[in-house]
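Spelled out, the chains give:
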Amino acid sequence: MSPVAAVIALGANLGERAETLAAAVTEVRALPLTTDVAVSTPIETTAVTLDGEDDDAPRYLNAVATLRTRLAPTALLAALHRIEARHGRVRRERWGDRTLDLDLIAYGGEIIDRDDLVVPHPRAHEREFVLVPWLDVDPDAVIPGRGRVDALLAELRGGAR
């Protein structure tokens, strides 16, 4: 299998956020069959809950990593879940506070919609905390089926490029 470009969003709003993200990046770099890991500068953002932005919740530190991998998408996602678990991630509530969140945002140009895996991530195009750091590591980024990340960010911000 030829290497595939993949994109991972990283986030944390509990504990030592910067240290947790750095440790997670180290673990992603150590994944088998995975190379060329590039990571954005982290940004701090307001927590997004099921009810929208929550200024009272602990703030997130978010980043995006791009990489090349020969892992199948399900194997990559399983590896990301193992990294989350090692950092104390507990899946109690959807969009709740977390020590670490690793989302598989894109896997090559593939569009996958299954119960166990959806790529590109179904809300990535709506999230500044994904789009801004993604552009930091890949100014020409494209979300398969959605378009250029810079155009999606401009649209999200209410303006044209």
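As the structure is a computational prediction, the values presented were derived from the model and not from experiment.

Cut-off values and rules
- Sequence positions are assigned chain by chain, starting from 1 and proceeding in written order.
- Given that the model is predicted, a residue must reach a pLDDT of at least 70 before its local features are reported, and side-chain atom pairs must reach 80 or more before they are shown or counted; all residues, however, enter totals for whole chains, interfaces and linings.
- With hydrogens and water set aside, each side-chain value is computed from the structure's full complement of heavy atoms.
- To obtain an axis, a line is fitted to C-alpha atoms, over the contacting stretch when the element is a helix, and the angle between two such axes runs from 0 to 180 degrees between their N-to-C directions.
- Helix numbering and strand numbering both begin at the N terminus, where a helix is a DSSP run of H or I of at least 4 residues and a strand a DSSP run of E of at least 2.
- When describing relative orientation, an angle under 35 degrees is termed roughly parallel and one over 145 degrees roughly antiparallel, while 65 to 115 degrees is termed roughly perpendicular and anything else oblique.
- In a left-handed crossing the near helix is turned counterclockwise from the far helix by less than a right angle, and in a right-handed crossing that turn is clockwise.
- Residue contacts follow a heavy-atom distance rule, with two residues in contact if any of their heavy atoms lie within 4.5 Å.
- The span one expects for a helix is its residue count, reduced by one, times 1.5 Å.
- Think of it in three bands: with a 1.4 Å probe and only protein chains considered, a residue is buried below 20% of the maximum accessible area for its type, exposed above 50%, and partly exposed in between.
- Here the arc refers to the set of directions running from the helix axis out to each C-beta atom.
- For this classification, the nonpolar set comprises Ala, Val, Leu, Ile, Met, Phe, Trp, Tyr, Cys and Pro, the charged set comprises Asp, Glu, Lys and Arg, and every other residue, Gly included, is treated as polar.
- Grouping buried Ala, Val, Leu, Ile, Met, Phe, Trp, Tyr and Cys residues that are joined through side-chain atoms within 4.5 Å yields what is termed a nonpolar core.
- When a carboxyl oxygen of Asp or Glu is within 4 Å of a side-chain nitrogen of Lys or Arg, the pair counts as a salt bridge.
- Any two strands with at least two DSSP bridges between them are considered paired.

Chemist: What exactly am I supposed to notice about the packing of helix α3 (residues 128-137) against helix α4 (residues 149-156) here?
Modeler: The angle between the axes and the distance between the axes are what describe a pair of packed helices. Orientation of α3 relative to α4, taken along the N-to-C sense of each, is 140 degrees, at an axis distance of 10 Å. In terms of orientation, α3 and α4 fall into the oblique class. In terms of crossing hand, the pair formed by α3 and α4 is left-handed. For the pair α3 and α4, contact is made by Glu128, Leu131, Val132, Trp134 and Leu135 and by Val149, Asp150, Leu152, Leu153 and Leu156, respectively.

Chemist: Help me understand helix α1 (residues 17-29) in this model?
Modeler: Along an α-helix, residues three or four positions apart point the same way, because every turn accommodates 3.6 residues. With 13 residues, α1 should cover 18 Å at 1.5 Å per step; its first-to-last C-alpha distance of 18 Å lies within 8% of that length. Taken together, the buried positions of α1 are occupied by Thr20, Leu21, Ala24, Val25, Glu27 and Val28. For α1, the angular spread of the buried residues around the axis is 160 degrees, confining them to a single face. On its buried face, α1 is in contact with β1 (4-12), β2 (34-39), β6 (60-69), α2 (73-86) and β7 (101-107).

Chemist: Would you mind showing me how to read the packing of α1 against α2 here?
Modeler: Packing of α1 against α2 brings their axes to within 10 Å, and their N-to-C directions diverge by 145 degrees. Crossing of α1 over α2 shows right-handed handedness. Residues Ala24, Glu27 and Val28 of α1 touch α2, and the partners they reach there are Leu80, Ile83 and Arg86. Of the residues assigned to the contact of α1 with α2, the class counts are four nonpolar, no polar and two charged.

Chemist: I'm lost on the nonpolar core in this one. Help?
Modeler: Generally speaking, soluble globular proteins have nonpolar side chains that are buried together. In terms of nonpolar packing, the biggest core is built from 28 residues, with Leu10, Val28, Leu76, Leu102 and Leu104 touching the most fellow members. Setting aside residues no more than four positions away along its own chain, Leu76 makes contact with Ala6, Leu31, Thr69, Leu71, Leu104 and Tyr107.

Chemist: Just checking my understanding: could you explain the pattern of salt bridges for this structure?
Modeler: Opposite charge on two side chains lets them pair, provided their charged atoms get close. Within the structure shown, the criterion is met by eight salt bridges. The salt bridge involving Asp140 is made with Arg148; its shortest N-O contact spans 3.7 Å. Because the salt bridges share partners, they merge into one network encompassing Arg17, Glu44 and Arg59.

Chemist: So what exactly am I meant to see when it comes to unusual backbone geometry here?
Modeler: Note: most peptide bonds trans; most residues except glycine with negative phi. In this model, Val119 is joined to Pro120 through a cis peptide bond whose omega is -5 degrees. With respect to the element layout, Pro120 can be found in the loop between β9 (118-119) and α3. The backbone phi angle of Leu33 is positive, close to 60 degrees, even though this residue is not glycine. Following the sequence through the fold, Leu33 ends up in the loop between α1 and β2. For Leu33, a relative accessible area of 42% corresponds to the partly exposed category.

Chemist: What exactly am I supposed to notice about the pairing of β1 here?
Modeler: Side-chain positions along a regular strand alternate between the two faces of the sheet. Across the nine residues of β1, eight count as buried, placing the element largely inside the fold. As defined by bridge partners, β1 adjoins β7 across six bridges and the pair is classed as antiparallel. Within β7, the residue paired with Ala6 across the bridge is Tyr107.

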